[in-house]
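Fold and contact review
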Amino acid sequence: MSVRVRFAPSPTGFLHVGGLRTALYNYLFAKHHKGRFVLRIEDTDRTRLVENAVENLIGSLHWAGIDYDEGPGKGGDYGPYIQSERLDIYKEYSEMLHEKGAAYYAFDTAEEIEEMRKREPSEQFTKYDRTSMKNELTLGEEETRKLIESGSSYVLRLKVPGNTIVVFDDLIRGKVEVNTAEIDDQVLMKSDGYPTYHLANVVDDHLMKITQVIRGEEWLPSTPKHILLYEAFGWDKPKFAHLPLLLNPDKTKLSKRQGSVAVEDFAKEGYFNDAFVNFIALLGWNPSSDREIYSIEELIDSFDIEKVNKGGAVFDRAKLEWMNFQYLKQKPSSELVELLFPILESKAMTGFAKDYLENVINLFRERIKFIKELPETAGYMFHSPGDYEKDYLDKHWRENTIEILKPLLEKYRQENDFSHTNLYELTKTYIEGLGMKMKEIIHPIRLMITGKSAGAGMFETMEVLGKQECIKRIEEFIKLKESKMI
RNA sequence: GGCCCCAUAGACUAAUGGUUAGGUCACCAGCCUUUCACGCUGGCAGUAGCGGUUCGAAUCCGCUUGGGGUCACCA
């Protein structure tokens, strides 16, 4: 049987980092086994719908490079893939469940249920008490039919069998056992005619021929209910794999309270999609013991669901940044420059040639974390320094600096080869001829040309800026200095 | 609190009965140097605890402790 897995988010906001990891593992699993990856939208809670959430979700998946084979906007043989468009299906199957005696109708109001829970003296576990409440079992068939026909609102509840052990074999955790005494008579169909997650996901996974259900650990406690449903329907069960949670630094479930969790926020911050995916993939699993950088193909190739860790993984920003930096270092400048264009444009720093910008990128790629830092960090590559670091100036500018500089400036003026190697040789020859050291002149030059104490190699910087610009800046500085403006 | 899941350094992980317990991030030191970085070298630091099984346990079993998840007409 060919592998079919699904990612089934509910459209209640943006794609969560944990959701992306779940989607990614499903994707890796599907691709590894040459199977199919299905996207299904679970929008059965009408009260939590968020406008454009589906588009957002798909957009984030797309950014991450996770492509689905079947789903909204793509179609497939098992659609529709949006649960609100499958209501008649759930109705049909819920009635089937009722006919089999595996579920019953109930008429309690929210208040009555709340009261029942309060009545329960134990602070342990308050199950729905099917023997004392207003439902098909206490009212009888006839009364039930009358109530339904008269338009009373009602739900369908799962009739959980008493005191039996439900067992399933989790692909990641192994054998899991739960006594049905611990399982509530879960609502399957809500009074608004929509199914709950429990019914919908079982019906859909069955009809969509899902072979492995790979989802977050938060679903582990409700899996026995799903097992009961498969058994009531008489269907084959898929295999289950419950992924460890992604955690905040304090080890609680990764949440918005402790920083950003929306995938699109990371995209906006400037993380590379491939670096981000690489990082996320390694939260809970690693294909080897001596590597951190993997292409998506390599991840697919080596993915093994049974090797996924059981314990939760803290989402560590520092390592994410490091990962991003690894990608920044090796990406071709032709790709990076495309990211730089819109950034410069937004700062009204336009008019630079592509080649020039690529040179700037190559000068700074090992000194920044994100391309968006360039207008700030490398501002002087786009305009004259404007101001000069006071401490740097005080430290490296001497009484005789100008005298030393003027003949050198003249040499620069007469030099046509502004390659960094030549500038280096030329400068070195001159300065050592005076019995001085390179650093005694390099810092003043850096100051005059960049205004900053930190930057790329000085002669490399001069090469990229070009002869004309360098000479102009030195002249400007000398003029300021001589007129005591600085 | 009941139930379920989990447990290798501060963080991510490798090692599926035999390793001096390996790698990465972070941190620290040194080197490189033209500043800042990068890079290189080295260092700090771990099998939660206690029993058991075994010639041999991070690995298997039990208990304890700790952490997490979940207990809705939400997913």
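The structure displayed is predicted, hence computed values, not measured ones.

1. Regarding the overall build of chain A
- Within chain A one finds 21 helices and 11 strands.
- Its C-alpha atoms give chain A a radius of gyration of 33 Å, more than 25% over the compact-globule value 23 Å for 486 residues.
- The principal-axis extents of the C-alpha atoms in chain A amount to approximately 110 × 45 × 40 Å.
- Here chain A holds 486 residues, and the buried ones make up 48% of them.
- Accessible surface computed for chain A: about 24,100 Å², of which carbon and sulfur atoms make up 48%.
- Here chain A contributes 66 positive and 80 negative side-chain charges, whose respective centroids are spaced 3 Å apart.

2. Comments concerning the layout of surface pockets
- Its volume calculated, the largest pocket comes out at about 1,000 Å³.
- Residue lining of the largest pocket: 39 residues in total, with P9, S10, G19, E218 and W219 positioned closest to the centre.
- Elements supplying a minimum of two residues to the lining of the largest pocket: β1 (4-7), α1 (17-32) and β8 (212-216).
- Among the elements that line the lining of the largest pocket, the one with the most residues is α1, at 4 residues.
- Per-class residue counts for the lining of the largest pocket are 18 nonpolar, 10 polar and 11 charged.

3. Overview of the packing of aromatic side chains
- By the definition in use, this model includes 26 aromatic pairs.
- Residues F352 and F382 carry aromatic rings whose centres are separated by 5.3 Å and whose planes lie at 70° to one another, so their mutual orientation is edge-to-face. Taken together, the residues span a long stretch of sequence, with F352 in the loop between α13 (333-346) and α14 (354-364) and F382 in the loop between α15 (374-377) and α16 (390-396) at a distance of 30 residues.
- A relative accessible area of 24% places F352 in the partly exposed class.
- What makes F382 buried here is its relative accessible area of 9%.
- Here the aromatic cluster, defined as three or more aromatic residues joined through ring pairs, consists of W63, F266, Y271, F276, F279, F315 and F370.

4. Focus: the domain arrangement of chain A
- Segmentation of chain A into domains returns domain 1 (1-71 + 244-330), domain 2 (87-189), domain 3 (331-370) and domain 4 (384-482).
- Taken over C-alpha atoms, the centre of domain 1 sits 49 Å from the centre of domain 4.

5. Notes on helix α20 (residues 458-465)
- A large share of α20 lies buried, amounting to 6 of its 8 residues.
- Against the buried residues of α20 lie α14, α17 (401-414), α18 (420-433), α19 (439-450) and α21 (467-482).
- Of the residues one or two after α20, G466 is the one with positive phi, at around 95°.

6. What to know about the protein's contact with RNA strand B
- Around RNA strand B lies a shell of 64 residues, among which R173, G284, E366, R367 and G455 are the nearest.
- The sugar-phosphate share of atoms of RNA strand B within 4 Å of the protein amounts to 72%.
- Within the backbone of D108, one N or O atom sits 3.0 Å away from a base nitrogen of RNA strand B.
- A distance of 3.3 Å separates a base nitrogen of RNA strand B from a polar atom in the backbone of S289.

7. Quick notes on the sheet that holds strand β7 (residues 187-189)
- Taken in spatial order, the 3 strands of this open sheet run β3-β4-β7, and their pairing is antiparallel. For this open sheet the edge positions go to β3 (103-106) and β7, each flanked by a neighbour on one side alone. Within the sheet, the average angular offset between the axes of one strand and its neighbour, ignoring direction, is 45°.
- Sheet topology note: the β3/strand β4 (residues 155-158) ladder contains 4 bridges and is antiparallel. What sits directly across from A103, in β4, is L158.

8. Focus on unusual backbone geometry
- A cis amide bond links G79 to the next residue, P80, at an omega of -5°.
- Note that P80 resides in the loop between α2 (53-63) and α3 (87-99).
- With a phi close to 75°, K251 is a non-glycine residue in the positive phi region.
- Secondary-structure assignment places K251 in the loop between β10 (246-247) and α9 (263-269).
- Residue class for K251 comes out exposed when judged on its relative accessible area of 59%.
- A positive phi angle, close to 60°, is found at A348, a residue other than glycine.
- You can see A348 is positioned in the loop between α13 and α14.

9. Some thoughts on the pattern of salt bridges
- One pass over the structure, following the stated rule, counts 33 salt bridges.
- The partner of R317 in a salt bridge is E269, and the shortest N-O contact between them spans 3.1 Å. In this pair, R317 is assigned in helix α12 (residues 317-330) and E269 in helix α9, connecting sequence segments 48 residues apart.
- Taking the relative accessible area as the measure of exposure, E269 reaches 25% and is therefore partly exposed.
- Residues joined by salt bridges that share partners form a network here, namely R6, R40, E42, R86, D204 and D205.

Rules behind the numbers
Residues numbered from 1 in each chain as written. Chains lettered and ligands numbered in written order. Predicted model: local features only at pLDDT ≥ 70, side-chain atom pairs only at ≥ 80, totals over all residues. Heavy atoms only, no water. Helix = DSSP H or I, 4+ residues; strand = E, 2+ residues; numbered from the N terminus. Rg over C-alpha atoms; globule rule 2.2 N^0.38 Å. Buried < 20%, exposed > 50% of the residue type's maximum accessible area, 1.4 Å probe, protein only. Areas by Shrake-Rupley, 256 points an atom, 1.4 Å probe, with all protein chains shown as cover. Lys, Arg positive; Asp, Glu negative; His and termini not counted. Charge placed at Lys NZ, Arg CZ, Asp CG, Glu CD. 1 Å grid on protein atoms, 1.4 Å probe; cavity = no way out; pocket = protein on both sides within 12 Å on 5 of 7 lines; lining within 4 Å. Points joined across faces, edges and corners; volume = space filled by probe spheres on them. Nonpolar A, V, L, I, M, F, W, Y, C, P; charged D, E, K, R; others polar. Phe/Tyr/Trp six-rings, centres within 6.5 Å; stacked < 30°, edge-to-face > 60°. Domains from an automatic or database assignment. Contact = heavy atoms within 4.5 Å. Near = heavy atom within 4 Å. Polar contact = N/O pair within 3.5 Å; in protein donor to acceptor, adjacent residues only side chain to side chain. Pairing = 2+ DSSP bridges. Axes fitted to C-alpha atoms, helices over the stretch in contact; angles between N-to-C directions. Salt bridge = Lys/Arg side-chain N within 4 Å of Asp/Glu carboxyl O.

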